[in-house]
Structures are given as C-alpha cells and as structure tokens.
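# Reading the structure
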Amino acid sequence: MLKTLFSKQLLILLAVTGLIMVSCKTEKKETKEEVEVVDPETKTKDSIAALYKKLVDSLQPISDPLVTHIYTADPSAHVFNDTLYIYPSHDWEAGIPQDDLGSHFDMKDYHVLSLDSVGGEVTDHGVALDIKDVPWAGRQMWAPDAAEKDGKYYLYFPVKDTLDIFRIGAAVSDHPAGPFKAEDSYIEGSFSMDPAVYKDTDGTYYMYFGGIWGGHLQRWATGEYVNEDKYPADDQPALAPKIAKMGDDMLSFAEEPKDILILDEEGKPITTGDNQRRFFEAAWVHKYNNKYYFSYSTGDTHNIAYAIGDNPYGPFTYQGIILEPVVGWTNHHSIAEFNGKWYLFYHDSTLSGGQTHLRNVKMTELTHKEDGTIETINAYKNQ
Ligand code: FUB
C-alpha cells in the first residue's frame, strides 16, 4: 500500500516539479533583477524537498524512534543477560552525494543501545568501536551484528578495507555494550556485507552475509574479487546470500561460505528478474517451532521478505512479506524474542524528514500465525 502511496506521491512530486518549472520560466520573463536573485533549479529542489517532508510528516508511524539524539539504522537485536541489546549502524551527515553504491552511507563508528523492558528507557552506551581503531579499515562501517559465547561478546561488522573492498571484521569485549577491540585483520574468507550471526539451539554459530549493488556480492561470482558488476541473467537463479559455520574462536569461519538457496512455491530458485522476491541484503535468521526463518531485504523493491526451511543451510521456501516499504530507500531489520514475545526491529527515516542516509531504529511486536506464517506489518497507521 505504501508503495502505491509513494507511486502516487511520486506522480504528485513530478506534477509539482512541472508546475514549479513552468512558474520559474514565467518568473524569468518578468524582470532581469528577478532572474538574478531566483535560481530556478534551487527553488525547484527546495519546493520538492518541502513537499516530500510534508508528505513524510503526514504519515502516522506505528512506533517512535528508540533514540532521537543520534541517527541509527540496521538494528540487530539480541537478548543477553535478560537485557535487550541493539547493535545498529550509526548514521550521520557525511555530505557525500547519493549513488547506487551507497557512498552516502559513510559511517565511522558504532554505538550499542539497550533496554531492560519494552517501552522502558533506552540507554546509549556511547562509542563501542571507532573506525580509527580498526587497523585494516578504509571507510563505510555498515550494518553490524553481535554474538555471545562463553562470557565474551563479539561484534561483527562490514567495512571497506584499504583497497575499498567490503570485508567482515570481528571485535571482542567482556561486555555486551563494548567497548570492543578489533582484530588485526578481517575474518579470513569473508567478503561483502551485512553479517548476521545465528546461534542454533545445539550451540552451533553460523554467519549469514552478503548484499548486492553497494554490498559487492556481484563482484565475487568467481570466488575472487573482480572489480566489475556481474549479475546472472534475469531468468537465472538470483545471486545467493552466504552462510558459513563459525570457528570455535568465533573469529574465523570453520568452512568455505556456501550459497543459501531461496525457492519459490514450485521449488524453483527465485530468479534475478524477480526483484519483488529475490535477495538483496540484510539477512537474518530466527527459529520458531523448530523451523528456520530466513528473512531479508528485497532492496530496490523495499520489502522485508522471508522464507522458511528445515535446517540452517536451507533451502528456504519463499513465504511473503514481513515489513512493507518504509520511509527512506533502505529496509533492514532483525527479529528477536524478549520476555515471551517476538519483536521486529527495523528503521525508517521519519526522524530526518525522509532523508535516506539519516535513519532511526524502531521496534514493534511481530506475530507468528497458527500456520507458522508471519503477519505482514505496515509501519504506518494511515496507509
Ligand atoms: O546502512 C548501510 C547499508 O544500508 C546496510 O548495510 C544495508 O543493509 C542498508 O540498510
């Protein structure tokens, strides 16, 4: 529904753009002085931005931002020692123009948030890891995750190395909120971005990762990094997210990363051309009633979708949408159980009036229906 709304909004915006351009042209004819003081292009952009902000402000979100003193995104939630910890990206205004590779997401540190109860006070524990303390890092600290093993806490984070290639790093702490100490190099064999570490009920840990476009997964088709974007043809299976079992030290992979297969209702792999359902980024896994739920963002179609399987490696069969598109281009989530209820953690850009690179994390209850499917969530009441 929101997609429809945004299509309508886009039409309105285009219509408004047209009107403004006509009115700018009219102004040009008036006096020479006016042509000099009013830059039509700036005026057009300003008017569109104001209209967009008005449309964003008119939405009625189902949840408020968890914190408003900083911009946060990509929330990965875990319960450690009865406390809910959220590991988000830390958005800020780096002043970098927007492009399809996500250069405008130029984050440089992580903060950890925590809550003792839903609706209770949210604590920001300050800087948990700074890019300047990661010896191998170049730029862009993207969506992180965390795990606990034997009383140690591990922060996993994607960042471009000094060759400008996304890798996944690990950093260790004695406390869930850090500060974390980064390893000297990235996890050997890691590539691309958006790590999510799932601890299975038998105590085995797996990392899911990968993301196309700015996440570079399309540059690893040969198993080596190739500085060229190559996607399978539209009728071929889409690029697959990856899984690797974690080593006992939690700082290495215990195996070569493997492909995760997402199948349609006929058991056929979802194809590249099926961008309403194919994997884009933001992998997450949770287990419910002994089934594995693999959820992810469809990226350029802006949904959080999910698929169900019988083991951590899949294959997973596509089921539907968990979260419809939100304000801002990206959609990225996590799912966790806290005090007997399930929650969806997500972000949108309402706090910044719709700026894609300035997001805020939120949470809302998530419902598994009796048949095991998940109730679709719309993040806005009036849509
Ligand atoms: O926050 C930067 C990137 O945007 C994340 O890694 C993606 O999942 C998208 O949310």
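What you see is a predicted model; the values in this text were computed from it and never measured.

What follows is about the side chain of Lys-149. Note on placement: Lys-149 falls in strand 6 (residues 145–149). Of the side chains with opposite charge, Asp-248 lies nearest to the buried Lys-149, which makes no salt bridge, at 4.2 Å. From its side chain, Lys-149 meets the backbone oxygen of Asp-248 in a polar contact 2.8 Å long. In this structure Lys-149 touches Tyr-154, Tyr-205, Asp-248 and Met-250, once residues within four positions along its chain are discounted.

Take unusual backbone geometry next. The peptide bond linking Gly-178 to Pro-179 adopts the cis configuration, its omega dihedral lying at 5°. Residue Pro-315 is bonded to the preceding Gly-314 through a cis peptide linkage, with omega at 0°. Secondary-structure assignment places Pro-315 in the loop between strand 17 (304–309) and strand 18 (316–323). A positive phi angle, close to 70°, is found at His-216, a residue other than glycine. Positionally, His-216 belongs in the loop between strand 11 (205–209) and strand 12 (242–245). For Asn-290, which is not glycine, the phi dihedral falls at a positive 70°.

So, about the domain arrangement of the protein chain. Split by domain assignment, the protein chain resolves into domain 1 (7–26 + 33–58) and domain 2 (71–365). Summarising the inter-unit geometry, the C-alpha centres of domain 1 and domain 2 are found 36 Å apart.

Take the pairing of strand 6 next. Judged by how many residues are buried, strand 6 sits mostly within the fold: four of five residues are covered. Direction of pairing for strand 6 relative to strand 7 (residues 152–161): antiparallel, over a ladder of five bridges. By the bridge assignment, Ala-146 is partnered in strand 7 with Leu-155. Between strand 6 and the antiparallel strand that follows it, strand 7, lie two residues; Asp-150 among them carries a positive phi value of about 50°.

As enumerated under the stated definition, the model contains 26 aromatic pairs in all. Judged by centre distance (4.7 Å) and plane angle (25°), the rings of Phe-191 and Trp-220 are stacked. With Phe-191 in the loop between strand 9 (181–182) and strand 10 (196–199) and Trp-220 in the loop between strand 11 and strand 12, this pair connects stretches of sequence that are 29 residues apart. One exposure class covers both Phe-191 and Trp-220, and it is buried. Geometrically, the ring pair formed by Phe-209 and Phe-253 is stacked, given 5.8 Å between the ring centres and 15° between the ring planes. One end of the pair, Phe-209, is in strand 11; the other, Phe-253, is in the loop between strand 12 and strand 13 (258–259), with 44 residues separating them in the sequence. Each member of the aromatic cluster is reached from another via a ring pair, and the members are Phe-191, Phe-209, Trp-220, Tyr-225 and Phe-253. When the ring centre of Trp-92 is taken as reference, the NZ or CZ atom of Lys-108 above it lies at 4.3 Å. Here Arg-277 stacks its cationic end above the ring of Tyr-318, 5.3 Å away from the centre of that ring.

Moving on, we come to the nonpolar core. Residues Tyr-156, Ile-187, Met-207, Tyr-208, Met-246, Ile-262 and Phe-294 are the most contacted members of the largest nonpolar core, which totals 38 residues. If we skip the residues at most four places from it in the chain, Phe-294 touches Tyr-208, Pro-241, Ile-260, Ile-262, Phe-279, Ala-283, Trp-284, Val-285, Ala-305, Tyr-306, Ala-307 and Phe-316. One finds Tyr-85, Trp-142, Tyr-153 and Phe-166 within the second-largest nonpolar core, a separate group that totals 26 residues.

Moving on, we come to the pattern of salt bridges. Tallied over the full model, the rule gives 18 salt bridges. Between Asp-161 and Arg-167 there is a salt bridge, and its shortest N-O distance comes to 3.8 Å. For the residue pair Asp-161 and Arg-167, the accessibility class agrees, reading buried in each case. Here Lys-258 makes a salt bridge to Glu-255, at a shortest N to O gap of 3.2 Å. Classification of Lys-258 by relative accessible area gives partly exposed; the value is 37%. The network of salt bridges with common partners includes Asp-74, Asp-91 and Arg-359.

Residues in a regular strand point their side chains to alternate faces of the sheet. Of all ten residues in strand 1 (residues 71–80), eight are buried; the element is thus mostly enclosed. Where strand 1 meets strand 2 (residues 83–91), eight bridges bridge the pair, whose relative direction is antiparallel. Across the sheet, Ala-77 pairs through a bridge with Ile-86, a residue of strand 2. Between the end of strand 1 and the start of strand 2, which pair antiparallel, lie two residues, with Asn-81 showing a positive phi angle near 50°.

About the criteria used
Residues numbered from 1 in each chain as written. Predicted model: local features only at pLDDT ≥ 70, side-chain atom pairs only at ≥ 80, totals over all residues. Heavy atoms only, no water. Helix = DSSP H or I, 4+ residues; strand = E, 2+ residues; numbered from the N terminus. Buried < 20%, exposed > 50% of the residue type's maximum accessible area, 1.4 Å probe, protein only. Lys, Arg positive; Asp, Glu negative; His and termini not counted. Salt bridge = Lys/Arg side-chain N within 4 Å of Asp/Glu carboxyl O. Polar contact = N/O pair within 3.5 Å; in protein donor to acceptor, adjacent residues only side chain to side chain. Contact = heavy atoms within 4.5 Å. Domains from an automatic or database assignment. Pairing = 2+ DSSP bridges. Phe/Tyr/Trp six-rings, centres within 6.5 Å; stacked < 30°, edge-to-face > 60°. Lys NZ or Arg CZ within 6 Å of the ring centre and 35° of its normal. Core = buried A, V, L, I, M, F, W, Y, C linked by side-chain atoms within 4.5 Å.

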